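# Structural description and commentary
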Amino acid sequence: MTEKTMQVPDERGHFGPYGGRYVPETLMAPLEELEQAFREAQRDAAFQRELQELLATYAGRPTPLYEARRLSAELGGARIFLKREDLLHTGAHKINNCLGQILLARRMGKRRIIAETGAGQHGVATASVCALFGMECVVYMGEEDMRRQRLNVFRMRLLGAKVVGVKTGSRTLKDAVSEAMRDWVTNVETTHYLLGSALGAHPYPLMVREFHRVTGEEARRQILERAGRLPDAVIACVGGGSNAIGIFTAFIPDERVRLIGVEAGGRKLAPGEHAARFAGGSPGVLQGAYSYLLQDGDGQVLLTHSVSAGLDYALVGPEHAWLHDQGRAEYVSASDTEALEAARRLARAEGIIPALESAHAAAEAIRRAPAAKDRIFIVNVSGRGDKDTDIYRENFPELDAADGVE
Amino acid sequence: MESSERIAQRFAAARAARRPALITYLTAGDPHPDRTPALALALERGGADILELGVPFSDPIADGPVIQAASDRALKAGTTVERVLEIAAGIRRRSGMAIVLFSYINPLMHYGFDRLCRDARAAGIDGVLITDLSVEEAEEPVQAMQRHGLDRIFLAAPTSTDRRLDLVAQYSSGFVYVVSRTGVTGARDTVSQSVEALARRLRARTALPLAVGFGISKRAHVEEVGRYADGAVVGSAVMRVVNESADEELEAKLERLCRELSGIA
């Protein structure tokens, strides 16, 4: 670990003012126990060996760094490289963290796993590692997300998980996290909460970062081999922010590398219509952590919207808030329409259909590339787009004619 | 500023009468902010010593279905933090109950802790309990509460280690809220057996009154808890009545429930 990233979080889980542990007392001792187990596992060579082995042989690491030559040529500017986390087993970066946490759960003697899921990618990855380790798995998912990500609901069930629909609030990721926390606070003696993003109370943001930092470590090594130098920008989508913190972390000490996080701009940047926390939010506490939050004038959490279920969340991970305030990373947003168009463009130029979440990162690269001659961009393709086929069909009806004629 | 002492006095009065203090919870603004003061007075007529006045929040992670639904209704009825403080002032004008503001942290943080505590004290509130505020994050809010003479109530849980109970005892004033079981708020048929041991562990650390909550819904529970603690907190059972009763019967039903709980029937 580099000296720079060792500075945050501090021993109480603070990234500057952000992060921390804002949970009912019932969860405080279990969080301390989890932190202790995590820190011991980090120092345990046998644990690390087993994790590395699983990442290589089960998940498929390292993932390629692929140069998108046709897309780059079309745009006529930057050389765009894609970090292919979409090629991992279960279809997204989420498996990195799930493998780490399931080993930790086993180490703590917890046999029951609960998780929240938005797009379903974390739910599928959790269900997979639970199957692999023979553990009971319950996944909470908002009913709206179950509707728009039906395929992943089925995959989770096929893998032996129980999927519990959440009917409260906007019936999306935030409500699924609340319900998972209610389960955890009730069954904490037997249950590990396998939180899927760099969110929640300490040690989750730290732990999730550490399990995902392999993405950036690989990408940094790969770009030095391939291009002989560091990139000018690393671009990733940010919901809670796990794939982004995973690819950013290795580059944080490289001050000349711009780190660009892309939030969900939704339909427009008006309350309730997007999930761009840095554009429309202010610091607040949600579900255990203090960070930038979309809230109204009375501190009530606003509803969010994004075409991408995985970015549809009111709070950004606390380390991103810190990187933002430090000026070390910059955060922009891409609209639903821009993300959909970026996905189509990537599909046609490179034969890669990205997840809608990752399409937000691609959209920002596409926007910047023409004016960035000789620059090198790395875009984190955090997941593949199979799960989004229904949404792509809804949005590109001209490609979906029943008579077989396009 | 000095504390109002109202919380201490209500516990002392109950102790003198050889009974546990009865603490009842109301979500402010459910079914409507204009109605909450009358509901609170009905609880007082039924024998409640202390009122926990709940600030509704959009994402109540520690609450079960009954209080979640109450929060939703209160928010839909336009209940803001400012409005909750007005409700408290309305209750204070006509009531001698101690009032504890009960909230998740975000609405209070957004209002500003210093301003909140100043306005709460002016409204006649005696203490503050923030469900998702751990002692580790409590420095700023606790200083504001001290500055404005508000008691600071923290939770102790069945999972709390001895080290954590020491911290909870050290940070608390007024009373300590003893969570009877792991889980979210909600009425239960029985009180967890393990809570007595938790109360004893706390008793060894603090002279403050101990009030047991989570799952308390009947007179028998209040009596049982009274054997080893100084008070019992009833929340979801109260809000269930608010949820299920026809509008015109609300006060009468709440008073009856409270009379039954307090044993003054």
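Refer to the structure presented above.
By convention here, each chain's residues receive numbers from 1 onward along its written sequence. Here every chain gets a letter starting at A, and every ligand a number starting at 1, in the order they are written. It should be noted that, the model being predicted, local features are given only for residues of pLDDT at least 70 and side-chain atom pairs only at 80 or more, the latter also being counted only at that level, while totals for whole chains, interfaces and linings use all residues. The basis for every side-chain value is the complete set of heavy atoms in the structure, and neither hydrogens nor water enter the calculation.

Okay, the interface of chain B and chain A next. Often the size quoted for an interface is simply the accessible area lost on bringing the parts together. Contact residues are listed per partner, giving 37 residues for chain B and 37 residues for chain A. For any pair of parts, buried area is found by adding up, for both, the accessible area (1.4 Å probe) each one loses once the two are put together. Both faces combined, the contact of chain B with chain A buries some 2,900 Å², and carbon together with sulfur accounts for 52% of it. Sorting the residues of chain B by area buried against chain A places Ile61, His110 and Glu137 of chain B first, and these three jointly supply 22% of that buried surface. Take a side-chain nitrogen of Lys or Arg and a carboxyl oxygen of Asp or Glu: if they are within 4 Å of each other, that pair is a salt bridge. For the pair chain B and chain A, the number of links is 4 salt bridges. A salt bridge links Lys174 of chain A to Asp59 of chain B; the shortest N-O distance between them is 2.6 Å. For the purposes of these results, a polar contact is taken to be a pair of N or O atoms within 3.5 Å, where, inside protein, one atom must be able to donate a hydrogen and its partner to accept one; residues adjacent in sequence count only when each atom of the pair is a side-chain atom. Inspection of the chain B/chain A interface yields 24 residue pairs in polar contact (both at pLDDT 80 or more). Among the secondary structure elements, those contributing two or more residues to the side of chain B that touches chain A are α3 (65–76), α5 (105–111), β6 (155–156) and α8 (162–171) of chain B. A run of H or I in DSSP becomes a helix once it reaches four residues, and a run of E becomes a strand once it reaches two; helices and strands are each numbered from the N terminus. With 5 residues, α5 of chain B is the single largest residue contributor to the side of chain B that touches chain A. Contact criterion: two residues are considered in contact whenever any of their non-hydrogen atoms come within 4.5 Å of each other.

Before going further, it helps to examine empty space enclosed by the protein. Both cavities and pockets are sets of points on a 1 Å grid over the protein atoms alone; in a cavity a 1.4 Å probe fits but cannot get out, in a pocket the set is open with protein on both sides within 12 Å along at least five of seven lines, and lining residues sit with an atom within 4 Å of a point. Grid points are joined across faces, edges and corners, and a volume is the space filled by probe spheres set on the points. Under the criterion given, the structure shown has 10 cavities of 30 Å³ or more. Computed from the structure, the largest cavity encloses a volume of approximately 320 Å³. Along the walls of the largest cavity sit 30 residues, with His93, Lys94, Ser242, Gly310 and Glu357 of chain A positioned nearest its centre. Here the second largest cavity is characterised by a volume of approximately 140 Å³. Looking at the lining of the second largest cavity, the elements with two or more residues in it are β9 (231–234) and α11 (236–244) of chain B.

What follows covers the sheet that holds strand β6 (residues 136–142) of chain A. Residues and elements named next belong to chain A. Strand order in the open sheet made by the 4 strands is β7-β6-β5-β8, with parallel pairing throughout. In this open sheet, the two edge strands, each paired with only one partner strand, are β7 (162–166) and β8 (191–193). Between one strand and the next, the sheet's axes are offset by a mean angle of 25 degrees, whatever the strand orientation. Here strand β5 (residues 112–117) runs beside β8; their pairing, made up of 3 bridges, is parallel. Paired with Ile113 across the strands is His192, a residue of β8. Axes here mean lines fitted to C-alpha atoms, for a helix over just the part in contact, with angles spanning 0 to 180 degrees between N-to-C directions. Against the sheet, helix α9 (residues 173–187) engages β5, β6, β7 and β8, with an angle of about 160 degrees to β5. Pairing between two strands requires that DSSP report at least two bridges joining them.

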